[in-house]
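Here are the chains, one letter per residue:
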Amino acid sequence: MASVTYDHVVKKFGDFTAIEDLNLEIFDEEFLVLVGPSGCGKTTALRCLAGLEEVTSGNIYIGDRLVNDVPPKDRDIAMVFQSYALYPHMSVFDNMAFGLKLRKLPKEQIQQRVENSAKILGIEGLLKRKPRELSGGQRQRVALGRAIVREPKVFLLDEPLSNLDAKLRVQTRAEISKIHNKLGTTFVYVTHDQTEAMTMANRIAVMNKGKLQQLDTPQVLYDKPANLFVAGFIGTPAMNFFNMKLVKEGDTLFVDNGEMKIKIPETRSAIFQRLVGKDVVFGIRPDDIHNPDFAPSDIHGERVTAKVDVVELMGNEILVYMTTDKGNNFVGRVDPRSKYVIGENADLIFNMDNCHIFDPSENPENPVAVR
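Being a predicted model, the structure only gives us computed values, none of them experimental. (Residues numbered from 1 in each chain as written. Predicted model: local features only at pLDDT ≥ 70, side-chain atom pairs only at ≥ 80, totals over all residues. Heavy atoms only, no water.)

Enquirer: I tried to follow helix H2 (residues 92-102) on my own but got confused; where do I start?
Expert: An α-helical turn contains 3.6 residues, so a residue and the one three or four places further along point in the same direction. Regarding H2, the residues found buried are Val92, Phe93, Asn95, Met96, Ala97 and Leu100. Packing partners of the buried residues in H2 comprise helix H3 (107-121) and helix H4 (136-148). Trailing H2 by a residue or two, lysine 104 shows a phi angle of about 60 degrees, which is positive. (Buried < 20%, exposed > 50% of the residue type's maximum accessible area, 1.4 Å probe, protein only. Helix = DSSP H or I, 4+ residues; strand = E, 2+ residues; numbered from the N terminus. Contact = heavy atoms within 4.5 Å.)

Enquirer: Just to check I follow, could you spell out the sheet that holds strand S19 (residues 345-351) for this structure?
Expert: Strand-to-strand pairing in sheets goes through backbone hydrogen bonds, with the strands running parallel or antiparallel. Taken in spatial order, the five strands make up an open sheet running S15-S19-S16-S17-S18, and their pairing is antiparallel. With partners counted over all chains shown, the strands left at the sheet margins are strand S15 (289-290) and strand S18 (329-334), one partner each. (Pairing = 2+ DSSP bridges.)

Enquirer: How should I be thinking about the pattern of salt bridges in this particular structure?
Expert: For side chains of opposite charge, pairing can occur when their charged atoms come near one another. For the structure shown, the criterion picks out 17 salt bridges. With a closest N to O distance of 3.9 Å, lysine 11 and glutamate 53 form a salt bridge. One end of the pair, lysine 11, is in strand S1 (residues 4-13); the other, glutamate 53, is in the loop between helix H1 (42-50) and strand S4 (57-62), with 42 residues separating them in the sequence. The residue aspartate 94 makes a salt bridge to lysine 101 at a minimum N-O spacing of 3.2 Å. The partly exposed category is assigned to lysine 101, whose relative accessible area is 42%. Shared partners join several salt bridges into a network, and the residues in it are Lys11, Arg47 and Glu53. (Salt bridge = Lys/Arg side-chain N within 4 Å of Asp/Glu carboxyl O.)

Enquirer: Explain the pairing of strand S17 (residues 318-323) to me, please; I cannot follow it from the model alone.
Expert: Across a regular strand the side chains alternate sides, sitting on one face of the sheet and then on the other. Across the six residues of S17, five count as buried, placing the element largely inside the fold. Both strand S16 (residues 301-313) and S17 contribute to a ladder of six bridges, which runs antiparallel. In the sheet register, glutamate 312 faces S17, and the bridge partner there is leucine 319. The antiparallel hairpin formed by S16 and S17 contains four residues in its connecting segment, where glycine 315 sits at a positive phi of about 95 degrees. Pairing analysis gives six bridges linking S17 to S18, with the strands arranged antiparallel. Bridge pairing in S18 places methionine 322 opposite phenylalanine 330. With antiparallel pairing between neighbouring strands as the criterion, S17 and S18 make up a hairpin whose turn holds five residues, including glycine 327 at a positive phi of roughly 85 degrees.

Enquirer: So what exactly am I meant to see when it comes to unusual backbone geometry here?
Expert: A negative phi angle characterises most non-glycine residues, just as the trans form characterises most peptide bonds. Cis geometry marks the peptide bond from threonine 236 to proline 237; its omega dihedral reads -10 degrees. Take proline 237: it is sitting in the loop between helix H8 (228-233) and strand S11 (240-249). Its identity as a non-glycine residue notwithstanding, glutamate 29 has a phi of 70 degrees, on the positive side. Looking at the secondary structure, you find glutamate 29 in the loop between strand S2 (16-26) and strand S3 (31-35). Not every positive phi belongs to a glycine, and glutamate 159 is a case in point at roughly 45 degrees. By the secondary structure assignment, glutamate 159 is in the loop between strand S7 (154-158) and helix H5 (166-183). Under the relative-accessibility criterion, glutamate 159 is labelled buried at 12%.

In structure tokens form, the structure reads like this:
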């Protein structure tokens, strides 16, 4: 097994910088997810690690070994792509065994590795079938099996669930997590789907425009995003944002945009004092917006009134999309017993204990969270 280290890695394509000064340490046996929107550099980072792209500058280590100039076949990694890339004329067994045969391993060892991997994946009954006889989920498991039989130090997975339907995606991501736990190998997983990242990762590296925005556990990213981009990217539905001014009346702080004036709890006001009189971005997650009839009793709740635009009944919850008179839009995730009527004005409670304030003074495009 092995750790992975990106040491000041830069990757350019002509004048375009795909990765800008990436410093990232992936621990031995960790499941790390690289996540971000299309074009953020996550797949390029994975391809550099695999040896499919040369780094422009910086170093990449697998364990203590510098691999910048090591051919892909000698890096002791295995890669699973979005495309299954199975040989259609070969059986499942032969697809999984193909790489081992090229390495001229003994037949007995190949047989054992394929059978063990098939058992881990639950496809031992499919070894004689051809890919055309398999479902999408089964094909993806064969592609995983082809990687597992190599017994690599590091698994690289590039959006392996993208071709699956919604139900299979849920099932397969659970299977991949189980495989990681069984194998105890380092997994580096690339996706644009933050739900996959949140449910599978030990840690998540959030990237945007070639830069690492934040690296932490899923819960820390959700509770304490480092900046506006991370706050808006992690969480479904996304965090609500309002351009406001932080004002002080007596000893009390408020965020105010001329339409909504919301009190900041005294327990949190000390950290925001330096921003009094300045423009800020106020953020609150849908989970922290409640129906007044069902709001928790132990929160610092502030009432906000707006018009109901859309009501989405989800069974165990209701998503209520609201619009204020001046066009501020937000969404709340409320109790399923709630009764909201489209077009009517309604009250909601903001849990200000979990509010977020972002300071745009240094970087207007991506304001930093104030802690």
